[in-house]
Amino acid sequence: MMPSTKKQPTLQQGAESIARRDFVRAAGAVAMGVAPRLRAATELAFSFQSSWHGNRIWVGKEYWANPLQDWRVEDGEVIAQAAAGRTLHLLTHQVSASGSGFDMETSIRLASPGAGGSAVRNTWAGFAFGIRGGLPGYQYALVHPGTSVAAGVRGDGRVFCGNAVGGSVPLDAPLRLTLSIRPVGAAYEATLSVDPTSVGAAAEVTETIDPSRLPGNVALAAQAPGRPGAETSGVEWGFRDWKVGGPQIEAHPDQTFGPILWTQYTLSRRTLKLAALFPPLGEDDEWTARLEARQGTTWATIASAPIERLSRTAVFRVEKWDDTLDVSYRVAYDWRGTEHYWEGVIRKDPRGQERLRIGVFSCDHGEVFPQHRMVRNITRQDPDIVFFAGDQIYESYGGFGVARGKPSGEAMLDYLRKYWQFGWTWRSVLKDRPSIIVPDDHDVFQGNIWGQAGRALPPSPDGRGFEGGGFLMEVDWVNAVQRTQSGHLPDAVDPAPCESGIEVYFTELRYGGASFAIIEDRKFKTGPADILSPAQRAAVRKDPAVVDVEGAELLGPRQEAFLRRWARESADADFRLVCSQTIFCKATTHAGGNLARRQADLDCGGWPQTARNRALAILRRARDLIMLHGDQHIGSLVRHGIEDWEDGPVAFMVPGTSNGFPRAWWPEQPGENRRPGAPAWTGRYRDGLGNRMTVLGAANPEKGSNTREGQAGLSAGEVAHRKGSGHGIVILDRKAREARFEIWRHAFDAAKPGRNDQFPGFPIVLRLSG
């Protein structure tokens, strides 16, 4: 959105920034009508006016800052770090496709102490409007903006609107910007008037705009050349008193986000744990939240909890919960003197239902945020409980790079703005049913992770990278990430943290007559570069046994001990399930941009083989066990083999809800011992690591879907569909003793499902023992 940079008179070198108190006084004068020179005498009608108070990173519930960490409120003024793509969207008002125009006003100032020279000249501040993305909806345009129009003041003092550049204004005092857009014939005229509050002439510029460019979001902007992920310019601009209105502005007062962002909860053995997520608050804001339950016609406070400072979560724990009733709840929070609420329902435990429905999801690469169709379908399918198996976010979420190597506080802001996309997508589902959410590698800013019992990732001058084993980010940051995603899970069964201080969350959840063992199959896994030689790594394609070395861990002794107890003590459950990040075999044959054949993958749970077999041998003691996973961007239903074929548990892996890195199961030979009529890719196979597995079903992408040619002319949603994105549903039938496995494709309508809406071969029904 950088305007024309034709050579113009430039800002004086070393120009001082405008003091904040002068900005407040000057901005007020302009707003009162003292300073304007070019505006009409008639007052404009505005349906929105900003009201910024206090000091905090988060600007407010009506806004979305790109990115979160580059905007802040100081003494009622919004300060922005100027860089590519920096915008502050207004969530509650958008420009419609037709009407007689609209208006915006704001006051701006150059806020950088001592800023000047080329750094300032290359920036600009003002408005952006008509912001739209490739998919409909105001939320998609927040993080995937495609088209927009800019109007404002450049760092050399020149005013501009679209491609038109006007005169100059002084930057040594606040400026009042007024943008008026009116229809003229078949087009619109956009006029930006800039009124200085000190000595100096006002300036005005007009641009003719096609009507098709107007609809979309409106925003404040402080920008500079470069990539959106690049460092900021070091120049800051301040904004006050933003107003928006006019007949073409649509107001949607319900389109806010915060101060209570969303909730996640579990109910197990009559203990409720509920996490409420909050934005980065200021020191003078309230840091305590309340949990209330409806009792008849009134609300009663049943718990209170502090908002933890780094993760911005409040976790409530209530024992002796009556799990025989649906109970309406709300989280209450006092924001700037007004009570705000987020409401939902704690469902009664469905242990008496004939069927238990589980929704399974993983790996949302973010291309189709906020997943309107999928959320609508899940709401209609109405699972009793949902499991998110990891990669709720990716490092690329929302643009602007990733804050690896930054201090925990700064890195947490970068994480939170990404995780907010997950919460905003799913909060209507999460508020009314229990959820199991576990982080995976990308959630902790790593492309892959072998956690090596929680140790710090060692330096890798030899290029080992993540394979060296350990966590890249700081301990307090990792713990905060886990708190945002898994803080609502039942208490850890073995709560001692790792030696490094990284906390654990592996546990059991009892719900719906089922026992869920929730484990961490990344945290304790050995890094391959820490235990394998380069020669062993190179030889794995010819002989997978060379990487099956003594001492290599998968789950680690603590989780293995937990699973032994759980397999024994959960025998009274109607169903038993294990939830973890990835499947315990290599259920793919092709991967990468060209979907090339790949034999070995030490990131999957099929390595180390001995540790894998040991874990599965423990788990097969739990009769009719079903394992649930994500991670591999492909759906599979597999029965593991340990010493023999089909002597291990069933594993159900779901595709990504929006697949990024593509993978496929395209074996060269048909499987042995296939069921009659089953696809050729099913049957008995040895995976690339030599493990036995019987493939019962696979949810593959369409061939060519990963190529530029295969995606030409398609929307992000259509690409997600072709790449094999989707979700899983498991239906456990108590009476019939059956498990039904469904993998639904990305694009379908759950209100009228068709025979091709699931991947070929699904659904699959397996008998359970009596």
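Above this text is the structure in question.
Residues numbered from 1 in each chain as written. Predicted model: local features only at pLDDT ≥ 70, side-chain atom pairs only at ≥ 80, totals over all residues. Heavy atoms only, no water.

1. Here's the deal with the packing of aromatic side chains
If you walk through the whole model with that rule in mind, you get 31 aromatic pairs. Taking 5.4 Å as the distance between ring centres and 25° as the angle between the ring planes, the aromatic pair formed by tryptophan 64 and tryptophan 424 counts as stacked. Of this pair, tryptophan 64 sits in strand S3 (residues 63-66) while tryptophan 424 sits in helix H5 (residues 408-430), placing them 360 residues apart in sequence. The exposure class of tryptophan 64 is buried, given its relative accessible area of 5%. Residues phenylalanine 652 and phenylalanine 741 carry aromatic rings whose centres are separated by 5.2 Å and whose planes lie at 55° to one another, so their mutual orientation is tilted. Residue phenylalanine 652 is located in strand S35 (residues 650-653), and its partner phenylalanine 741 is located in strand S40 (residues 738-745); the two are separated by 89 residues in the primary sequence. Here the two residues phenylalanine 652 and phenylalanine 741 agree in accessibility, since each one is buried. (Phe/Tyr/Trp six-rings, centres within 6.5 Å; stacked < 30°, edge-to-face > 60°. Helix = DSSP H or I, 4+ residues; strand = E, 2+ residues; numbered from the N terminus. Buried < 20%, exposed > 50% of the residue type's maximum accessible area, 1.4 Å probe, protein only.)

2. With respect to the sheet that holds strand S31 (residues 590-591)
Overall, antiparallel pairing links the 3 strands, which are arranged S32-S31-S36 in an open sheet. Each edge of the open sheet carries a strand with a single partner, namely strand S32 (596-597) and strand S36 (663-664). Taken together, the 2 bridges between S31 and S36 define a ladder with antiparallel strand orientation. Residue pairing in the sheet places histidine 590 in a bridge with alanine 664 of S36. (Pairing = 2+ DSSP bridges.)

3. Some remarks on the environment of lysine 752
Structurally, lysine 752 is set in the loop between S40 and strand S41 (764-767). A relative accessible area of 64% means that lysine 752 is categorised as exposed. Here the alpha-carbon distance between lysine 752 and arginine 132, two residues 620 residues apart in the chain, equals 30 Å.

4. Considerations on H5
Structurally, the α-helix is built with 3.6 residues per turn, so residues lying three or four positions apart point the same way. Look at H5: only 27 Å from first C-alpha to last across 23 residues, short of the 33 Å you get at 1.5 Å a residue. Helix geometry: H5 is bent most strongly at tryptophan 424, by close to 40°. Summarising burial for H5: 20 of the 23 residues are buried, a large majority. (Expected span 1.5 Å × (residues − 1). Bend = angle between axes of the 7 residues up to and from the residue.)

5. Digging into the pattern of salt bridges
According to the stated counting rule, one finds 49 salt bridges in the structure shown. Here arginine 417 makes a salt bridge to aspartate 414, at a shortest N to O gap of 2.8 Å. Pair noted here: arginine 417 and aspartate 414 are both in helix H5, with a separation of 3 residues, about one helical turn. Here the two residues arginine 417 and aspartate 414 agree in accessibility, since each one is buried. Across the pair arginine 568 and glutamate 569 runs a salt bridge whose closest N-O atoms are separated by 4.0 Å. An identical accessibility class is assigned to arginine 568 and glutamate 569; each is exposed. Beyond isolated ion pairs, a larger network of salt bridges with shared partners links Asp440, Asp521, Arg522, Asp603 and Asp631. (Salt bridge = Lys/Arg side-chain N within 4 Å of Asp/Glu carboxyl O.)

6. A short note on the packing of helix H9 (residues 556-569) against helix H10 (residues 609-619)
For any two helices packed against each other, one specifies the inter-axial angle together with the distance between the axes. For the pair H9 and H10, interaxial distance at closest approach is 9 Å and the crossing angle is 20°. Judged by the angle between their axes, H9 and H10 are roughly parallel. Taken together, the residues of H10 that come into contact with H9 (itself represented by Glu560, Leu563, Arg564, Trp566 and Ala567) are Arg614, Ile618 and Leu619. Per-class residue counts for the contact of H9 with H10 are 5 nonpolar, no polar and 3 charged. (Axes fitted to C-alpha atoms, helices over the stretch in contact; angles between N-to-C directions. Parallel < 35°, antiparallel > 145°, perpendicular 65-115°, else oblique. Contact = heavy atoms within 4.5 Å. Nonpolar A, V, L, I, M, F, W, Y, C, P; charged D, E, K, R; others polar.)

7. Structural notes on the sheet that holds strand S23 (residues 327-335)
Strand order in the open sheet formed by 4 strands is S21-S20-S23-S24, with antiparallel pairing between adjacent strands. The strands lining the two open edges of the sheet, one partner per strand, are strand S21 (298-306) and strand S24 (338-346). Each strand axis lies, on average, 25° off the axis of its neighbour in the sheet, ignoring direction. Pairing geometry for strand S20 (residues 288-295) and S21, over 8 bridges, is antiparallel. Bridge pairing links leucine 291 to alanine 303 in S21.

8. Details of the side chain of arginine 56
Inspection of the secondary structure puts arginine 56 in strand S2 (residues 55-56). Owing to a relative accessible area of 8%, arginine 56 belongs among the buried residues under this scheme. A polar contact of 2.8 Å, which involves the side chain of arginine 56, links it to the side chain of aspartate 285. Residues within four places of arginine 56 in sequence aside, it is in contact with Arg72, Val73, Pro280, Leu281, Gly282, Asp285 and Trp335. (Polar contact = N/O pair within 3.5 Å; in protein donor to acceptor, adjacent residues only side chain to side chain.)

9. Focus: H9
Between its first and last C-alpha, H9 extends 20 Å over 14 residues, near the 20 Å set by a 1.5 Å rise per residue. Those residues of H9 that sit buried are Gly556, Gln559, Glu560, Phe562, Leu563, Trp566 and Ala567. Summarising the axial view, the buried residues of H9 lie within an arc of 160°, below the 170-degree limit, and thus occupy one face. Exposed positions of H9 whose direction lies more than 90 degrees from the buried face are Pro557, Arg568 and Glu569. On the buried face of H9, the contacting elements are strand S28 (507-511), strand S29 (514-518), strand S30 (575-582) and H10. (Arc of directions from axis to C-beta.)

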